[in-house]
Amino acid sequence: MQPLLNSLPDTVFTTQVDKLLNWGRASSQWYMLFGLACCAIELMQTGGPRADVDRFGCVPRATPRQSDLMIVAGTLTYKMAKRTKLLYDQMPDPKYVISMGSCSNCGGLFQLAYSVCKGVDKIIPVDVYVPGCPPRPEALTEGLIRIQEKMMRERWLVRQSGGREEEAAVGA
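Let us look at the structure shown here. (Residues numbered from 1 in each chain as written. Predicted model: local features only at pLDDT ≥ 70, side-chain atom pairs only at ≥ 80, totals over all residues. Heavy atoms only, no water.)

For the coordinates displayed, the defined rule picks out seven salt bridges. Of the charged contacts in the structure, one is a salt bridge between R50 and E138, with a shortest N-O distance of 2.7 Å. Of this pair, R50 sits in the loop between α2 (39-46) and β2 (59-61) while E138 sits in helix α5 (residues 137-153), and the two are 88 residues apart along the sequence. Using a relative accessible area of 43% as the deciding quantity, one classes E138 as partly exposed. Residue E138 is joined to R136 by a salt bridge in which the shortest nitrogen-to-oxygen separation is 3.5 Å. (Salt bridge = Lys/Arg side-chain N within 4 Å of Asp/Glu carboxyl O. Helix = DSSP H or I, 4+ residues; strand = E, 2+ residues; numbered from the N terminus. Buried < 20%, exposed > 50% of the residue type's maximum accessible area, 1.4 Å probe, protein only.)

Structure follows, in structure tokens:
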């Protein structure tokens, strides 16, 4: 009788399906191009050769229907807030949002203006906040790593019970 240990061929991998799905999703983040102000320059720099987010599998997309990540970079005005919500709603689930820079986090230096939204989280749910004015490409890279960590913790093949909706109602 052969021992069970090391009896599998070298080319066979065993894993959990959730981990495999999450690894694939975390390694292919397609972010929507959504630069509103000066933070967009740093967003472009992050895609350049020095920061090189391609190594994370991040690919910029010009359409919300193919994006799973929205990076809001810059000052969000109330006029643009409706369009931001529309673009977010057009993204397929699961979707994630990074708020990049002080202006998108809380209004920044323009927060006293009547036309500036006091944070993108007033319009859409935000997963990761990247501070700074403007934030460096390294800070955005750290935000992308945080999104990857969040993706890797998700469970997809667990049967949802009715208790989840009850918990959400109690917490609200």
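Okay, back to it.
Before going further, it helps to spend a moment on a nonpolar patch on the surface. On the surface, L20, W23 and M152 cluster together into a nonpolar patch covering about 340 Å² of accessible area. For W23, a relative accessible area of 54% gives the class exposed. (Patch = residues over 30% accessible without salt bridge, like charges linked within 9 Å, V, L, I, M, F, W, Y side chains within 5 Å. Areas by Shrake-Rupley, 256 points an atom, 1.4 Å probe, with all protein chains shown as cover.)

To continue, consider the sheet that holds strand β4 (residues 96-100). Taken in spatial order, the five strands make up an open sheet running β2-β1-β3-β4-β5, and their pairing is parallel. The sheet is open, and its two borders are formed by β2 and β5 (128-130), each paired with just one other strand. Within this sheet the neighbouring strands show an average axis-to-axis angle of 30°, counted without direction. Note: β4 against β5, three bridges, orientation parallel. Bridging from a neighbouring strand, M100 pairs with V130 of β5. The strands touched by α2 are β1 (30-32), β3 (69-73) and β4; relative to β3, the strand with the most contacts, the crossing angle is about 135°. (Pairing = 2+ DSSP bridges. Axes fitted to C-alpha atoms, helices over the stretch in contact; angles between N-to-C directions. Contact = heavy atoms within 4.5 Å.)

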